2 protein chains.
Amino acid sequence: MINYFSSDFKLGILGGGQLGKMLLYETRKLDIHTIVMDPSDEAPCKIAANTFLQGDLMNYDAVLDFGRKVDLLTFEIESVNVEALKQLEKEGVKVYPTPNTLEKINDKVIQKQFYLNNGISTAAFSAFNSNKELISAVTAGQVTLPFVWKSATGGYDGKGVMIVKSQEALENIPPGKCLAEKLIPFKNELAVIVARNPSGEMISYPVVEMEFHPVANQVEYVICPARIEESISHKARELAEKVSDAFKHVGLLAVEMFLTQDDELVVNEVAPRPHNSGHYSIEASYTNQFEQHLRAILDLPLGNTDSKVAGIMVNLSGEENYTGPPIYLNMEQILKMPGVTPHIYGKKETRPFRKMGHITIVNKDIEQARALAEKVKNSIKVISEN
Amino acid sequence: MINYFSSDFKLGILGGGQLGKMLLYETRKLDIHTIVMDPSDEAPCKIAANTFLQGDLMNYDAVLDFGRKVDLLTFEIESVNVEALKQLEKEGVKVYPTPNTLEKINDKVIQKQFYLNNGISTAAFSAFNSNKELISAVTAGQVTLPFVWKSATGGYDGKGVMIVKSQEALENIPPGKCLAEKLIPFKNELAVIVARNPSGEMISYPVVEMEFHPVANQVEYVICPARIEESISHKARELAEKVSDAFKHVGLLAVEMFLTQDDELVVNEVAPRPHNSGHYSIEASYTNQFEQHLRAILDLPLGNTDSKVAGIMVNLSGEENYTGPPIYLNMEQILKMPGVTPHIYGKKETRPFRKMGHITIVNKDIEQARALAEKVKNSIKVISEN
């Protein structure tokens, strides 16, 4: 086995946001040497990495030069230069998740096609090279309102996704390659995180249940375990593992899915990295998702994904109408509540709906956790003086 | 309430070893700005602090200059210049734990006297200004073999403590102020960590049970909860809280005690900081000891000290006969075991019995955890090629 611990092995991480920051808790815990690159000089990963470099993640040369400095390269964000990753792979640098998988996932049209090709159930869709093509398809009656528009690329935190119900909304669709997806009336939105290592060892986390903020379309509560029938949760984990295996994925894969009115599971989309829906694991799981990501990409044995206790995660997003240096209102109140852990990402400026942190509520009783989560949500606010 | 989070509030930490390193996971989690000083350029805290400064912790001017840069000063090691801390307090810098308490604790004679003055049960002792005074007391029959010799100052990890059974051992006692303590035949060695904030809010952790390595006199297993009667554990927590309250302590206080053959509890000694006996709390407790230390010194509400699961901690110490860059043997084996979390402190050199890390084993069933701990202990080794 490679000696990763207190050794000269170098792990490169593209992206220095909150996911990278939480990943660094684990590299510190195991004393794995890290080098992080991020475009921002104020990235949350600036400290706690052994070396921090400022650089453009979409720039071919910047990513190539960075990758040549490390033994193994991973990323905490999908918007990176994939061509550079491919070149690095050719040069013998291990890149996990693989550029090949990332490329498939980064284009939602290719991602959806991949599900069809691999017999993975997903919402029916048609693909278009531009908004114009889509509009004429609607006019020609090939696509009927309402439907879900998804940009082929660049979707993140609710951006690049829109439910199109009216002719007017149709005209507001941005240009570019996209797909129109059948609007699925679902009971529940679920997610399963799967870890897989290069040796093919694979393990999934319990199913989590998600509630979205109606306006910002960001996750508001993540509840683990999902309050669904055991048989459905079993099917959901099987489906997620099927997806990870189809990609021959290495690292973490967060699989978002819908539970339809008639109890069918359809895959919505995936993220090839630690995921917002797995933050609860830091406090609730035997092996948190960030340690698990390290275990997976380093081809170490995967850890136990069971939960010690029930966990609920509340996103801490910037309040509307506030932009500037953040103030975290009522922290003292929530710190009084049992089993409540705030995570402050350390962003220098709050903006409406910007993810500034998250709060985990753990409890042996999930209903108590849910009640506390509501209190937390109603107490803490991120505002600014400016 | 002071705005500690993503603000310009500066927390100073004296000492950059593993305790500081684990404390920094929590300052990062809450985005509290930290400045750390340590004599070593290779201290585990060198990264993850906002600023790291190299300096002598026993040097009056170095500590004074450092303290003047921060809003609140704490320490992760007792060997710091207390006079400088007192001066900083005069100048209005908050110093927690207080220099006054630290001074009492740093001199074991004063510490023991403090217990007597405050009606806290502790082993009978006599104090001496030198080893010569002690030896003549033995000759005069005022002190009888066997007894426990403790140096008044500088005791740490089993140094400065010795069981004196023979005339020969008596002659090997180092010079300096010391005490001779009645040797107490005990069933069990226990520890309770108490957190107390400036507002006087106080809370204790469950009682842990300790097993020591016979040669190195370092803790080998820390077991939480201690496998003792509920009534005794209740008494132990009361006693520990009495000690914290007597000191009007601010921060964490680890109270080590003996359970005598006839079920009496006597205080052995205390440490005014996060403690080896509390490491299990990172994986097992609702609020780990490092977050709790921050809550206490910042006068925030204290967190829930209950455990989610049973926890056992195994120290990872350097094997005998190895000195040099560490190699962690059989990490893969222990990572296969469920609920096993290694913590590698990141020290550049292993030495016989040097604390290089620790491993936590958590499980819903304490007996299973204990069995796994044994396996862990027998698997992992810290060696070196040199």
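Calculation criteria
Residues numbered from 1 in each chain as written. Chains lettered and ligands numbered in written order. Predicted model: local features only at pLDDT ≥ 70, side-chain atom pairs only at ≥ 80, totals over all residues. Heavy atoms only, no water. Helix = DSSP H or I, 4+ residues; strand = E, 2+ residues; numbered from the N terminus. Expected span 1.5 Å × (residues − 1). Buried < 20%, exposed > 50% of the residue type's maximum accessible area, 1.4 Å probe, protein only. Pairing = 2+ DSSP bridges. Contact = heavy atoms within 4.5 Å. Buried area = accessible area lost by both parts, 1.4 Å probe. Salt bridge = Lys/Arg side-chain N within 4 Å of Asp/Glu carboxyl O. Axes fitted to C-alpha atoms, helices over the stretch in contact; angles between N-to-C directions. Least-squares fit on C-alpha atoms with pLDDT ≥ 70 in both. Phe/Tyr/Trp six-rings, centres within 6.5 Å; stacked < 30°, edge-to-face > 60°. Lys NZ or Arg CZ within 6 Å of the ring centre and 35° of its normal. Core = buried A, V, L, I, M, F, W, Y, C linked by side-chain atoms within 4.5 Å. Polar contact = N/O pair within 3.5 Å; in protein donor to acceptor, adjacent residues only side chain to side chain. Left-handed = near helix turned anticlockwise from the far one by under 90°. Nonpolar A, V, L, I, M, F, W, Y, C, P; charged D, E, K, R; others polar. pLDDT = per-residue confidence, 0-100. Domains from an automatic or database assignment. Parallel < 35°, antiparallel > 145°, perpendicular 65-115°, else oblique.

Caption draft 1: Examining helix 1 (residues 18-29) of chain A more closely. Residues and elements named next belong to chain A. Between the first and last C-alpha of helix 1 there are 17 Å, a value that for 12 residues agrees with the 16 Å anticipated at 1.5 Å per step. Burial within helix 1 is extensive, with 12 of its 12 residues counted as buried. Of the residues trailing helix 1, Asp 31 is marked for its positive phi of about 50°.

Caption draft 2: Region of the structure containing the sheet that holds strand 2 (residues 33-38) of chain A. All names here are of chain A. Spatially, the 5 strands line up as an open sheet ordered 3-2-1-4-5, and their pairing is parallel. Two strands close off the open sheet at either side, each with one partner strand: strand 3 (51-54) and strand 5 (94-95). Pairing between strand 1 (residues 10-14) and strand 2: 5 bridges, direction parallel. Bridge pairing links Leu 14 to Met 37 in strand 2.

Caption draft 3: View of the interface of chain B and chain A. With 44 residues of chain B in contact, the opposing surface of chain A contributes 44 residues. Approximately 3900 Å² of surface area, both sides summed, lies buried where chain B meets chain A, with 59% of it carried by carbon and sulfur atoms. The interface formed by chain B and chain A includes 0 salt bridges. Listed by contribution, the elements that provide at least two residues to the side of chain B that touches chain A are helix 1 (18-29), helix 10 (289-297), strand 17 (326-329), helix 11 (331-335), strand 18 (340-344) and strand 19 (355-363) of chain B. Sorting elements by how many residues they give to the side of chain B that touches chain A places strand 18 of chain B first, with 5 residues.

Caption draft 4: The sheet that holds strand 6 (residues 125-128) of chain A, seen in detail. Residue and element names in this part refer to chain A. With antiparallel pairing, the 4 strands of this open sheet are ordered in space as 6-9-7-8. Two strands close off the open sheet at either side, each with one partner strand: strand 6 and strand 8 (161-164). Averaged over all adjacent pairs, the angle separating strand axes in this sheet is 20°, with direction ignored. Bridge count between strand 6 and strand 9 (residues 178-182): 4 bridges; the pairing is antiparallel. Across the sheet, the residue bridging to Ala 127 is Leu 179, located in strand 9.

Caption draft 5: Structural detail: the relation of the copies chain B and chain A. When chain B is brought onto chain A, the operation consists of a screw motion whose angular component is 180° and whose axial shift is 0.0 Å, with 0.0 Å RMSD remaining. Such a turn and shift between the copies fits a two-fold axis. Relative to the rotation axis, the C-alpha of Ala48(B) is the closest in chain B, positioned 1.9 Å from it. Most of the interface of chain B is mirrored in chain A, where 100% of its interface residues are also at the interface.

Caption draft 6: Examining the packing of aromatic side chains more closely. Taken as a whole and judged by the stated rule, the model has 12 aromatic pairs over all chains. Centre to centre, the rings of Tyr4(A) and Phe5(A) are 6.1 Å apart; their planes meet at 80°, and the pair counts as edge-to-face. An identical accessibility class is assigned to Tyr4(A) and Phe5(A); each is buried. Summarising the aromatic geometry, the rings of Phe114(A) and Tyr115(A) are spaced 6.4 Å apart at their centres and angled 70° between planes, so their arrangement reads as edge-to-face. Per residue, the accessibility class of Phe114(A) equals that of Tyr115(A), and both read buried. A connected cluster of aromatic rings, assembled from ring pairs, spans Tyr4(A), Phe5(A) and Phe9(A). The residue whose ring lies beneath Arg370(B) is Tyr221(B), and the NZ or CZ to ring-centre distance is 4.0 Å.

Caption draft 7: Representation of the nonpolar core within the structure. One finds Ile32(A), Ile361(A), Ile32(B) and Ile361(B) to be the most contacted residues of the largest nonpolar core, which totals 100 residues. Contact partners of Ile361(A), with chain neighbours within four places excluded, come to Ala310(A), Gly311(A), Ile312(A), Val314(A), Gly339(A), Val340(A), Ala369(A), Leu372(A), Ala373(A) and Val376(A).

Caption draft 8: Geometry of the side chain of Asn288(A). All names here are of chain A. With respect to the helices and strands, Asn 288 occurs in the loop between helix 9 (281-284) and helix 10 (289-297). A polar side-chain atom of Asn 288 sits 3.1 Å from a polar atom in the side chain of Glu 26. Within polar-contact distance, the side chain of Asn 288 engages the backbone nitrogen of Glu 291 at 2.9 Å. Setting aside anything within four residues of it in sequence, one finds Asn 288 in contact with Glu 26, Tyr 205, Ser 281 and Ile 282.

Caption draft 9: Summary view of the packing of helix 2 (residues 60-67) of chain A against helix 3 (residues 82-90) of chain A. Residues and elements named next belong to chain A. Remark: helix 2 packs on helix 3, axes separated minimally by 8 Å, with the N-to-C direction vectors making an angle of 35°. For the pair helix 2 and helix 3, the crossing hand works out as right-handed. Residues Tyr 60, Val 63, Leu 64 and Gly 67 of helix 2 pack against Glu 83, Ala 84, Leu 85, Gln 87 and Leu 88 of helix 3. The residue makeup of the contact of helix 2 with helix 3, split by class, is 6 nonpolar, 2 polar and 1 charged.

Caption draft 10: Quick peek at the environment of Ser317(B). Relative to the elements of secondary structure, Ser317(B) occurs in strand 16 (residues 310-317). Considering only alpha carbons, one finds Ser317(B) and His343(B), 26 residues apart in sequence, at a separation of 12 Å.

Caption draft 11: View of the confidence of the model for chain A. When pLDDT is averaged across chain A, the result is 95; 97% of the residues are at 70 or more. Predicted complex, confidence summary: ipTM 0.94, pTM 0.96.

Caption draft 12: Structural context of the domain arrangement of chain A. By the assigned domains, chain A splits into domain 1 (10-95), domain 2 (124-182) and domain 3 (186-383). Just the C-alpha atoms count here: the centres of domain 1 of chain A and domain 2 of chain A sit 34 Å apart.

Caption draft 13: A look at the packing of helix 1 of chain B against helix 10 of chain B. Residues and elements named next belong to chain B. One way to put it is that helix 1 packs onto helix 10 with a least axis distance of 8 Å and a crossing angle of 70°. Classified by the angle between their axes, helix 1 and helix 10 sit roughly perpendicular to one another. Note on packing geometry: the crossing formed by helix 1 with helix 10 is right-handed. Packed against helix 1, whose contacting residues are Leu 19, Met 22, Leu 23, Glu 26, Thr 27 and Lys 29, the element helix 10 presents Phe 290, Glu 291, His 293 and Leu 294 at the interface. Counted by class, the contact of helix 1 with helix 10 contains 5 nonpolar, 2 polar and 3 charged residues.

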